[in-house]
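Letter by letter, the chains look like this.
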Amino acid sequence: MKTAGAPDRRIYETMVSIRSFETKLQELSRKGVLRGSVHFCIGQEAVAAGVCAALSPGDYITSTHRGHGHAIAKGARMDLMIAELLGKATGYCKGKGGSMHIADLDLGHLGANGIVGGGIPIAAGAALGIRQLGLQNVVAAFFGDGAANQGVFHETLNLAALWKLPVVFVCENNQFGMTTPLSEASSQPDLAKRAIAYDMPGTRVDGMDAREVFRVTSDAVGRARAGKGPSLLVMDTYRFEGHYIGDPVVYRTREEVEDWKAKDPILRLRKQMVGEGLATEAELDGIHGEIARKLDEGVAFAQSSPDPDPSELFTDVYSE
Amino acid sequence: MKELTLSQAVNEALVEEMERDPRVFLIGEDIGLHGGAFAVTKGIFQRFGPERVRNTPISEAAIAGAAVGAALVGARPVAELMYTDFITIAMDQVVNQGAKVKYMFGGKARVPMVLRMPFGAGRANAGQHSQSLEAWLCHVPGLKVVMPSTPADAKGLLKSAIREDNLIIFLENKHLYSQKGPVPEGEYTIPLGAAEIKRAGGDVTVVATGRQVTIALGAAEKLSKEGIDAEVLDPRTLWPLDREAIIASVKKTGRLVTVHEAVKRFGFGAEVAAIVAESEAFDYLDAPIRRVAGAEVPVPFSKFLEDLFLPDEQKIIAACKAVLA
Ligand SMILES: Cc1ncc(C[n+]2csc(CCOP(=O)(O)OP(=O)(O)O)c2C)c(N)n1
């Protein structure tokens, strides 16, 4: 099956949304209104945007502590995300979850996750549930290179391959788990090779090229939907910012960061689109302006929203 | 005496024990150059090198299991998990393996290891990075559980823990890392199983743990202005537990309030209450026991809700007044 060309404009808009969203969060952080652990995915936008563009509306994702991009790419509302990050009653999780737990089950977003590797088996479980219910949907599991060293990664890949579950394992290899480089954490630095052990396709992807991410993911999603089983996609990418806000970033050189910034996925797609006559600079600038306006509205909405009612402390522990 | 933060005190204990005993080594995530998520092991990697300070992949089950295995053959690992919450991943190795091998092997095995973990809420880190899970661990025969409240206690208790031939869970409240306190110069240890009266008083016994000791002391100061003289007792090790100290204090005051950050039900406070109820101190009680604890919900993210979740001075004061009413 030949995959259709990437939906460039949608992917571009998604990537700019993610970048602008997190840039706005950085502003809020400098103003001191952002609390808790917030992990930025600036630099990694092509993975979230490319993968989610290859999914259909009824498909699912599981996400990570670095999950703003995944949520936005799956269609989450940025105003509700900002409200959640500010701990407001109007936030995605009523202020109970914060950055690391944003979820929108109606959109097929089964949640960000504070536990490294925690989402991987849930993705396979969702794929299993889809099978049990006789549905045709597919699940994409986002996780980092660091998460690939958790036991559940191996248990889940085996199970998913054994049962040919409709899941795509998307490893975002941003080269580090916190301060530890991949080379010091994995005996086999080419993580795609791990797929061999589970007899599933393993592909290394240029995760800074949104079109390539879309193309490879579309193939894996098609395979999964056709009942041929899971795939492991290892997206080589980079987080331009520290692991967390205030990270002194002592574990990598400025040159390395600059080299990767030169591969900026947003600039890359923009160049491709303009170069191929698919969009004009002015049109693309218009997208940036529209997103900036939406974000300002989102911040205003969040800041004027109330704190959760004290009674909310005790709700939502059990289903009625 | 010198002034150290709790984080520095833990660091000093680790360095001293590593100097004293070449079998002691550290194992955990990002504990090398970076010094761990809370910079507690800062500088130790530079001093002892990568074989004594083992930086691991993100693999909690393997960290705990590797420590158990290394301990079984005579090494003395001090393992660190980045947050107590992640012990869920390591639980088989801690509970089914490390805690029980000695007994199951008829006494033949020794597991001289320490598992250090930061814990606690109040940092807007939500449900998976804020828990206090000490009750789970206290419930397992074969484990010892330590929870210091001051830098001096942390240092002396950690040195004892490292010298034990048992699996010791060492729980460090994140808020205490930056808190300073006097630490004795030179070599000293504090035995496991010895409580300390942090403030003597005759009206009510407040048994508090970890960061709540500091908060209970604040509450006691305020109560003293109202003529209520609270005794604040810090067990320091949750197991082995200094029952005698608790019973003696309750016999003196006739009233008991327990305070911890973990959720109330089946918590450490329940054990303390039961110990008192089962002892001769029961006859001395002049009022029902009160437990102050975390709300029975996952830790919420919003500061507003998290403040409601946590015990605080006001809640402790209210409980003390209630048992004195
Ligand atoms: C089970 C568990 N262990 C450790 C952590 C602490 N931690 C949070 S993010 C992180 C690094 C994760 O690396 P990776 O999976 O590569 O994702 P990245 O942060 O690079 O996006 C670590 C160690 C955690 N949250 N959960």
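Keep in mind it's a predicted model, so treat the numbers as computed, not measured.

1. Focus: the overall build of chain B
Secondary structure assignment for chain B yields 12 helices and 14 strands. Taken over the C-alpha trace, chain B has a radius of gyration of 19 Å; the compact-globule value for 325 residues is 20 Å, and the two agree within 12%. With respect to the principal axes defined by its C-alpha atoms, chain B has extents near 60 × 45 × 40 Å. Relative to its full complement of 325 residues, chain B shows a buried share of 60%. A separation of at least 24 residues holds for 82% of the contacts in chain B among residues at least 6 apart in sequence. Counting every atom, chain B has about 12,200 Å² of accessible surface; 54% of that belongs to carbon and sulfur. For chain B, the distance from the average site of its 37 positive side-chain charges to the average site of its 40 negative ones is 2 Å.

2. Here we look at the sheet that holds strand S1 (residues 60–62) of chain A
All names here are of chain A. Reading across from one edge, S1-S2-S3-S7-S6 is the order of the 5 strands in this open sheet, with parallel pairing throughout. Sheet topology places S1 and strand S6 (202–206) at the edges, where each strand pairs with a single neighbour. With strand direction ignored, the average angle separating the axes of adjacent strands in the sheet is 20°. Sheet contacts for helix H5 (residues 119–132): S1, strand S2 (139–144) and strand S3 (167–173); angle to S2, the most-contacted strand, approximately 175°. Here helix H6 (residues 151–162) sits on the sheet in contact with S2, S3 and strand S7 (231–236), set at roughly 150° to S3.

3. Regarding the pairing of strand S5 (residues 113–119) of chain B
All names here are of chain B. Of all 7 residues that make up S5, 7 are buried, and the element is covered over most of its length. Note: strand S4 (residues 76–80) against S5, 3 bridges, orientation parallel. Its bridge partner being in S5, Ala79 is matched across the sheet by Leu115. Judged from the 7 bridges that link them, S5 and strand S7 (residues 167–173) form a sheet pairing that is parallel. Looking across to S7, one finds that Arg116 is bridged to Phe170.

4. Remarks on the site of the ligand
As a matter of local geometry, the ligand sits amid 22 residues, with His65(A), Arg66(A), Gly114(A), Gly146(A) and Glu60(B) nearest to it. Each of chains A and B places residues next to the ligand. Within the side chain of Asp145(A), one N or O atom sits 3.1 Å away from an oxygen atom of the ligand. A distance of 2.5 Å separates a nitrogen atom of the ligand from a polar side-chain atom of Glu60(B). Broken down by class, the residue content of the shell around the ligand amounts to 9 nonpolar, 9 polar and 4 charged.

5. Focus: helix H8 (residues 211–225) of chain B
Residue and element names in this part refer to chain B. The terminal C-alpha atoms of H8, which comprises 15 residues, lie 23 Å apart, in line with the 21 Å expected from a rise of 1.5 Å per residue. Among the residues of H8, those classed as buried are Arg211, Gln212, Val213, Ile215, Ala216, Gly218, Ala219, Ala220 and Leu223. In this structure, the buried residues of H8 make contact with S7, strand S9 (196–199), strand S10 (204–208), strand S11 (230–234), strand S13 (256–263) and helix H12 (313–324). Where H8 terminates, the next one or two residues include Gly227, which has phi positive at roughly 80°.

6. Focus on H6(A)
Residue and element names in this part refer to chain A. With 12 residues, H6 ought to run about 16 Å at 1.5 Å a step, and its terminal C-alpha atoms sit 17 Å apart, in line with that. Buried residues of H6: Phe153, Thr156, Leu157, Ala160 and Ala161, and no others. Buried residues of H6, seen end-on, are gathered within an arc of 125° and therefore sit on one face of the element. In this structure, H6 carries Glu155 and Leu162 as exposed residues pointing more than 90 degrees from its buried face. Check the buried side of H6 and you find it contacts H5, S2, S3, helix H7 (194–197) and S7.

7. Comments concerning the pattern of salt bridges
Side-chain pairs of opposite charge can arise where the charged atoms are in close proximity. Residues and elements named next belong to chain B. Counting across every chain of the model gives 51 salt bridges over all chains. Where Glu187 meets Arg163, a salt bridge forms, and the shortest distance between an N and an O atom there is 2.8 Å. In this pair, Glu187 sits in the loop between strand S8 (180–183) and S9 while Arg163 sits in helix H7 (residues 151–163), placing the two residues 24 residues apart along the sequence. Judged by its relative accessible area of 32%, Arg163 falls in the partly exposed class. Sharing partners across several salt bridges, the network here consists of Lys2, Glu12, Glu16, Glu17, Arg20, Lys155, Lys159, Arg163 and Glu187.

8. Here we look at the interface of chain A and chain B
Every contact between the two is made by 35 residues of chain A and, on the other side, 33 residues of chain B. Counting the surface lost from both chain A and chain B, the interface buries some 2,700 Å², and carbon and sulfur atoms represent 63% of this. When the buried surface of chain A facing chain B is broken down by residue, Arg35(A), Ile115(A) and Leu313(A) rank first, second and third, together holding 23% of it. Applying the counting criterion to the chain A and chain B interface returns 0 salt bridges. In the side of chain A that touches chain B, the residues fall into 14 nonpolar, 15 polar and 6 charged.

9. Thoughts on unusual backbone geometry
Along the chain, Trp239(B) connects to Pro240(B) via a cis peptide bond; the corresponding omega equals 0°. Here Pro240(B) is to be found in the loop between strand S12 (237–239) and helix H9 (243–253). The phi dihedral of Lys94(A) is positive, around 60°, even though this residue is not glycine. Locating Lys94(A) in the fold gives a position in the loop between helix H4 (78–85) and H5. The exposure class of Lys94(A) is partly exposed, given its relative accessible area of 31%. The backbone of Ala39(B) sits at a positive phi, close to 60°, despite the residue not being glycine. Looking at where Ala39(B) falls in the secondary structure, it is placed in the loop between strand S2 (24–29) and helix H2 (44–48).

The rules behind the values
- Residues numbered from 1 in each chain as written.
- Chains lettered and ligands numbered in written order.
- Predicted model: local features only at pLDDT ≥ 70, side-chain atom pairs only at ≥ 80, totals over all residues.
- Heavy atoms only, no water.
- Helix = DSSP H or I, 4+ residues; strand = E, 2+ residues; numbered from the N terminus.
- Rg over C-alpha atoms; globule rule 2.2 N^0.38 Å.
- Buried < 20%, exposed > 50% of the residue type's maximum accessible area, 1.4 Å probe, protein only.
- Contact = heavy atoms within 4.5 Å.
- Areas by Shrake-Rupley, 256 points an atom, 1.4 Å probe, with all protein chains shown as cover.
- Lys, Arg positive; Asp, Glu negative; His and termini not counted.
- Charge placed at Lys NZ, Arg CZ, Asp CG, Glu CD.
- Pairing = 2+ DSSP bridges.
- Axes fitted to C-alpha atoms, helices over the stretch in contact; angles between N-to-C directions.
- Near = heavy atom within 4 Å.
- Polar contact = N/O pair within 3.5 Å; in protein donor to acceptor, adjacent residues only side chain to side chain.
- Nonpolar A, V, L, I, M, F, W, Y, C, P; charged D, E, K, R; others polar.
- Expected span 1.5 Å × (residues − 1).
- Arc of directions from axis to C-beta.
- Salt bridge = Lys/Arg side-chain N within 4 Å of Asp/Glu carboxyl O.
- Buried area = accessible area lost by both parts, 1.4 Å probe.

These values are about where atoms sit, not about what they do.
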